[in-house]
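Here are the chains, one letter per residue:
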Amino acid sequence: MISDFQELADKIEQLAELTHSLRRENAQLRQANAALVAENISYQHRLGEAHQRVSALLDKIAPPAPAEEAVAADEAEQAVKEAAQ
């Protein structure tokens, strides 16, 4: 009977150690998760800034006039024909 109690006490001790180990691991995972969330927010912010800069540059570029588009299309078509020959 004493050995049964000792066996039970050993199992309880193992369970307590496992519980402490899992709590430490959980705390470490929470810290790692928080760091990754902060890093993700930083990347999203940088991506938003880059998007704004690209949009601003695109807004500065004037769309080509219709006549310029036609000339460019004709030149491209001529270049394709020449390359095919």
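Rules and cut-offs
Once a new chain begins, its residue numbering starts again from 1 and follows that chain's sequence as written. For a predicted model such as this one, the threshold for reporting local features is a pLDDT of at least 70, and the threshold for listing and counting side-chain atom pairs is 80 or more; totals across whole chains, interfaces and linings nevertheless cover every residue. Only hydrogens and water are set aside when side-chain values are computed; all heavy atoms of the structure are taken into account. Under the DSSP-based scheme used, a helix requires at least four consecutive residues in state H or I and a strand at least two consecutive residues in state E, with every element numbered from the N terminus. Burial here depends on accessible area, computed with a 1.4 Å probe over protein chains only, as a share of the maximum for the residue type. Under 20% is buried, over 50% is exposed, and the range in between is partly exposed. UniProt positions are given in the numbering used here, feature names are shortened, and annotations may be inferred rather than shown by experiment. Definition used for salt bridges: Asp or Glu carboxyl oxygen within 4 Å of a side-chain nitrogen of Lys or Arg. Residues form patches when they are more than 30% accessible in relative terms and have no salt bridge. Like charges link within 9 Å. Nonpolar side chains (Val, Leu, Ile, Met, Phe, Trp, Tyr) link within 5 Å. Surface accessibility in these figures is a Shrake-Rupley result with a 1.4 Å probe; residues are shielded only by whichever protein chains are displayed.

## With respect to the overall build of the protein chain
Item 1. Each helix and strand counted, the protein chain has two helices and zero strands in total.
Item 2. A total of 85 residues make up the protein chain; the buried ones form 0% of that total.

## Describing the UniProt feature "coiled-coil region" (unreviewed entry) in the protein chain
Item 1. Listed under "coiled-coil region" (unreviewed entry) in the UniProt record, and renumbered for this structure, are residues 5-35.
Item 2. Annotated as 100% helix and 0% strand, the span residues 5-35 places its first and last C-alpha atoms 45 Å apart.

## Thoughts on the pattern of salt bridges
Item 1. This structure, assessed with the given rule, holds one salt bridge.
Item 2. In this structure, E7 engages K11 in a salt bridge whose closest nitrogen and oxygen atoms are separated by 3.7 Å. Within this pair, E7 and its partner K11 are both found in helix α1 (residues 2-60), separated by four residues, close to a single helical turn.
Item 3. Taking relative accessible area as the criterion, E7 reaches 45% and is therefore assigned partly exposed.

## Points about a nonpolar patch on the surface
Item 1. Taken together, the side chains of M1, F5, L8 and I12 define a hydrophobic patch exposed on the protein surface, amounting to about 490 Å² of accessible area.
Item 2. Its location among the elements puts F5 in helix α1.
Item 3. Overall, F5 belongs to the exposed group, its relative accessible area being 54%.

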